[in-house]
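Architecture and fold: a report
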Amino acid sequence: MNLVEVADLSLSSAERTVLSDCSLTLRPGERVGLVGRSGSGKTALAHALLGYTRPGLARVGGTVRIAGHDPFAPGGARRVRGRLAAYVPQDCASALPAEHRVGRVLDRAARRSGVARAHLAAFRRNALEQLGLPPELAHAFPHQISGGQAQRVALASALAAGAELIVLDEPTSGLDPGTTEDLIDLLRTSVGDAAMLVVSHDLDVVDRLTHRRVAMTHGRLADAGDRGATAGLDARLRPSEEMRDAPAAEGKACVLRVEGVRGGPGGRPVLREVDLTLDAGECVAVMGASGAGKTTLARALAGMLEPSGGRLWLNGAPQPWSVVRRPAADRLSVALVDQDSRAALNPRETVGKALERARRAAARGGLTPPPAADLLSAVSLPASAADRRPDELSGGERQRASLARAVAAGPRVLLCDEVTASLDGVTERDVLDMLAALRGERGLAVLLITHSRSVAATADRCLVLADGILGPPATLRLRPDAGTEQAAYGT
């Protein structure tokens, strides 16, 4: 008997068909990969396995059964969601309950699987250890942990619940190479008899984790060997032999400089004595292990988090850390494209309204922003995306919409936190080409936080954040007890 049976499933919105006559089966314990371009309908199918459709989308045909239960029916949904099936989303940081500490999230999942209260503490410690997370993380709230850590917490919760089906949506997105390897090993050995549907742009990850794969193209399931269905997925940039760490070009104005940055969220000393300069038109890549403090640094530069120490200069003038205390002329100088695209966009506002708001702010500052249609085209989104709200977009589409909004405000510094992690190879190239064009045309300085060596190799310089210090790869050394995460970056 099949655990999952999807028959002729069709989903549509008012303007387009998202899924058309899709059929899929999974046997108990079977692991299937679902691949396809960004926006092709993969996440819509993954959501349907739990009886969920995003706002504006409706099931217009077909059936879904999980162990014989209909997840679209109220009784079936209660039986399936969080019990028979668990979903690990792309935007885990915003998907975790903001009001609960990590430990309580894991405890609730463990209780659903029948773990006794007396054994919860030991179960929680073991769950965190399995995913390579420190035990003290149990006391943190979701907003206090990195995107990569949030992803592993969500997976730990799914495993703790004892689900028979685990749906993983881009499970390695936002993870460093060492953690990706650890996660692949964990999924191959620690999920027991659970079936898995692995949604990913990374064919290598899918092939290493699954027994077979199917491909989604324009809302239809196709043979995984169909070249049209998988075109662009293996078109990633080729990594260079060495990451760049050459000094920035001389003669360009310094638009951002920080010295001695210390601290982190909740007063935790994630950063210590971090120095950084960004010149006009320069692109600097920052790599480092998950949880090393890359996102913390980006949010401090954007004025969203105040470190415990350090100094900041913008356009040669000293600035306060908080963006609300910066002079009006400098508040739009730095824009952040957060890796958590769901939390970054207003869920009640269409993409078009978000772009227009950013464009008006740029106009008040004396700039002439491009039309909204041009901004969407530059990030490979159709003009119709302007009429959609964030929940009506795929994870990769939301990320690109967030990037377009940041560019619309006309910043001098763009902080990009894993902006290509959820994109297929062709779209990744389009986004990087757009950033290169903006650097050349407007002198935009770009800080590119990434775990991809090939993406980092497109930058003028590459720095690694390790042990709270930022420096060129060749200058940082591993401590005797350091793990493979830093080694993956050549530190």
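Everything discussed here concerns the structure shown above.
Residues numbered from 1 in each chain as written. Predicted model: local features only at pLDDT ≥ 70, side-chain atom pairs only at ≥ 80, totals over all residues. Heavy atoms only, no water.

Notes on the pattern of salt bridges
A complete count under the given rule lists 17 salt bridges for this structure. Where arginine 311 meets glutamate 259, a salt bridge forms, and the shortest distance between an N and an O atom there is 2.8 Å. Pair noted here: arginine 311 is in strand 13 (residues 309-314) and glutamate 259 is in strand 10 (residues 254-263), with a separation of 52 residues, a long-range link. On the accessibility criterion, glutamate 259 (27% relative accessible area) is partly exposed. Its salt-bridge partner being arginine 299, residue aspartate 338 comes within 2.9 Å of it at the nearest N-O pair. Residue aspartate 338 is found in the loop between strand 15 (334-337) and helix 11 (341-344), and its partner arginine 299 is found in helix 10 (residues 294-301); the two are separated by 39 residues along the sequence. Look at aspartate 338 and you get buried, because its relative accessible area is 8%. Judged by relative accessible area, which is 23%, arginine 299 ranks as partly exposed. (Salt bridge = Lys/Arg side-chain N within 4 Å of Asp/Glu carboxyl O. Helix = DSSP H or I, 4+ residues; strand = E, 2+ residues; numbered from the N terminus. Buried < 20%, exposed > 50% of the residue type's maximum accessible area, 1.4 Å probe, protein only.)

A short note on the packing of aromatic side chains
Scanning all chains against the criterion turns up 0 aromatic pairs. For the cation-ring pair, arginine 59 lies above phenylalanine 72, with the distance from its terminal atom to the ring centre recorded as 4.2 Å. One Lys or Arg, arginine 257, reaches over the ring of tryptophan 313 and ends 3.9 Å from the middle of that ring. (Phe/Tyr/Trp six-rings, centres within 6.5 Å; stacked < 30°, edge-to-face > 60°. Lys NZ or Arg CZ within 6 Å of the ring centre and 35° of its normal.)

Some details on the sheet that holds strand 1 (residues 4-12)
With antiparallel pairing, 3 strands are arranged side by side in an open sheet as 2-1-4. Lying at the two open borders of the sheet, with one neighbouring strand each, are strand 2 (17-26) and strand 4 (58-66). Sheet twist, expressed as the average angle between the axes of neighbouring strands with direction ignored, equals 5°. As defined by bridge partners, strand 1 adjoins strand 4 across 7 bridges and the pair is classed as antiparallel. (Pairing = 2+ DSSP bridges. Axes fitted to C-alpha atoms, helices over the stretch in contact; angles between N-to-C directions.)

Brief notes about helix 15 (residues 425-442)
Taking 1.5 Å of rise per residue, the 18 residues of helix 15 would be expected to cover 26 Å, and the 26 Å separating its terminal C-alpha atoms lies within 8% of that figure. For helix 15, the set of buried residues is Gly425, Thr427, Glu428, Val431, Leu432, Met434, Leu435, Leu438 and Arg439. The distance from a side-chain oxygen at the start of helix 15 to the backbone nitrogen of valine 426 is 3.2 Å, and the residue carrying that oxygen is aspartate 424. One or two residues past the end of helix 15 sits glycine 443, with phi positive at roughly 70°. (Expected span 1.5 Å × (residues − 1). Polar contact = N/O pair within 3.5 Å; in protein donor to acceptor, adjacent residues only side chain to side chain.)

Observations concerning a positive patch on the surface
The grouping of Arg79, Arg83, Arg104, Arg108 and Arg112 at the surface amounts to a positive patch. It is helix 4 (residues 102-112) that provides the largest number of residues to the positive patch, a total of 3 residues. Structurally, arginine 104 is set in helix 4. Its relative accessible area of 48% is what places arginine 104 among the partly exposed residues. (Patch = residues over 30% accessible without salt bridge, like charges linked within 9 Å, V, L, I, M, F, W, Y side chains within 5 Å. Areas by Shrake-Rupley, 256 points an atom, 1.4 Å probe, with all protein chains shown as cover. Lys, Arg positive; Asp, Glu negative; His and termini not counted. Charge placed at Lys NZ, Arg CZ, Asp CG, Glu CD.)

A few points about unusual backbone geometry
Most peptide bonds take the trans form, and the phi angle of most residues other than glycine is negative. With a phi close to 50°, histidine 218 is a non-glycine residue in the positive phi region. Checked against the element boundaries, histidine 218 lands in the loop between strand 8 (212-217) and strand 9 (220-223). The exposure class of histidine 218 is exposed, given its relative accessible area of 74%. At asparagine 315, a residue that is not glycine, the phi angle is positive and equals roughly 55°.

Focus on the side chain of serine 157
Within the element layout of this structure, serine 157 appears in helix 6 (residues 147-160). Excluding anything up to four places from it in sequence, serine 157 contacts Val105, Leu106 and Ala109. (Contact = heavy atoms within 4.5 Å.)

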